[in-house]
Amino acid sequence: MRRIAALAFPVVLSSIVTATADDGFTAADVLAWERKNQDAYFETSISMAAVIASRNKSETAACIDQWYFASKAATDTQNDEIRIVMRQYAGNHPGIVIAAVIERACGSLSFSE
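Fair warning: this is a prediction, and the values are worked out from it, not measured in the lab. (Residues numbered from 1 in each chain as written. Predicted model: local features only at pLDDT ≥ 70, side-chain atom pairs only at ≥ 80, totals over all residues. Heavy atoms only, no water.)

1. Regarding the nonpolar core
Line of reasoning, step 1. Ile-46, Ile-64 and Met-86 are the most contacted members of the largest nonpolar core, which totals 20 residues.
Line of reasoning, step 2. Those elements giving two or more residues to this core turn out to be α2 (27-31), α3 (35-54), α4 (58-69), α5 (72-88) and α6 (94-106).
Line of reasoning, step 3. Leave out the neighbours within four places in its chain, and Ile-64 touches Ile-46, Ala-49, Ala-50, Ala-53, Phe-69, Ile-102, Cys-106 and Leu-109. (Core = buried A, V, L, I, M, F, W, Y, C linked by side-chain atoms within 4.5 Å. Buried < 20%, exposed > 50% of the residue type's maximum accessible area, 1.4 Å probe, protein only. Helix = DSSP H or I, 4+ residues; strand = E, 2+ residues; numbered from the N terminus. Contact = heavy atoms within 4.5 Å.)

2. Quick word on the pattern of salt bridges
Line of reasoning, step 1. This structure, assessed with the given rule, holds five salt bridges.
Line of reasoning, step 2. Taking the shortest distance from any N to any O, the salt bridge between Arg-83 and Asp-39 comes out at 2.3 Å. Separated by 44 residues along the polypeptide, Arg-83 in helix α5 and Asp-39 in helix α3 bring together distant segments of the chain.
Line of reasoning, step 3. Notably, a salt bridge pairs Glu-81 with Arg-104, separated by 2.3 Å at the nearest N-O pair. (Salt bridge = Lys/Arg side-chain N within 4 Å of Asp/Glu carboxyl O.)

3. Re the side chain of Thr-26
Line of reasoning, step 1. The topology assignment puts Thr-26 in the loop between α1 (2-16) and α2.
Line of reasoning, step 2. Owing to a relative accessible area of 15%, Thr-26 belongs among the buried residues under this scheme.
Line of reasoning, step 3. Within the local environment of Thr-26, its side chain forms a polar contact with the backbone oxygen of Ala-90, the two atoms lying 3.5 Å apart. (Polar contact = N/O pair within 3.5 Å; in protein donor to acceptor, adjacent residues only side chain to side chain.)

4. Details of the confidence of the model for the chain
Line of reasoning, step 1. This prediction gives the chain a mean pLDDT of 86; 79% of its residues lie at or above 70.
Line of reasoning, step 2. Per-element confidence in the chain ranges from a low mean pLDDT of 45 for α1 to a high of 98 for α5.
Line of reasoning, step 3. With pLDDT under 50 throughout, residues 1-9 is counted as low confidence; its partners more than four residues away or in other chains account for six contacts.
Line of reasoning, step 4. Note on residues 11-20: pLDDT under 50 across the span, and 16 contacts to partners over four residues away in sequence or across chains. (pLDDT = per-residue confidence, 0-100.)

5. Some remarks on the state of the cysteines
Line of reasoning, step 1. Within this structure, the stated rule accounts for one disulfide.
Line of reasoning, step 2. Shown here is the disulfide that connects Cys-63 with Cys-106, its sulfur atoms set 2.1 Å apart. The S-S bond linking Cys-63 to Cys-106 shows a torsion near -80 degrees; that makes this disulfide left-handed. With Cys-63 in helix α4 and Cys-106 in helix α6, this pair connects stretches of sequence that are 43 residues apart.
Line of reasoning, step 3. You can call Cys-63 partly exposed: its relative accessible area is 24%. (Disulfide = S-S within 2.5 Å.)

6. Section: the packing of aromatic side chains
Line of reasoning, step 1. This structure, assessed with the given rule, holds five aromatic pairs.
Line of reasoning, step 2. Aromatic side chains Phe-25 and Trp-33 sit 6.0 Å apart centroid to centroid with 25 degrees between the ring planes, which places their arrangement in the stacked category.
Line of reasoning, step 3. Centroid distance Trp-67 to Tyr-68: 5.8 Å. Interplanar angle 40 degrees. Geometry classified as tilted. Residue Trp-67 shares its accessibility class with Tyr-68, and that shared class is buried.
Line of reasoning, step 4. Aromatic ring contacts, followed pair by pair, group Phe-25, Trp-33 and Tyr-41 into a single cluster. (Phe/Tyr/Trp six-rings, centres within 6.5 Å; stacked < 30°, edge-to-face > 60°.)

As structure tokens, then:
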């Protein structure tokens, strides 16, 4: 299953964005920050995604909670995974990279009524 997810990841990322960060803020910029500042950015971004998910699709919110917030070890592991993906997609906006990592773990973040 992980192999399928790994192969599908570029498709997930490209389905979220088709260009680099238009505002000039990239994953490479975040990777230049101190680790504690990266972690704070990741946690804030993922918290917001969880809040939005909780208002739209509770099972996605529950997945995000378990995947990222279950323990400090889980958070640290996911932060390291985000860093790996950011290195691979350094020219993209960091929020887009984080969203793609969340989608790989918990499914689509696209919600409709």
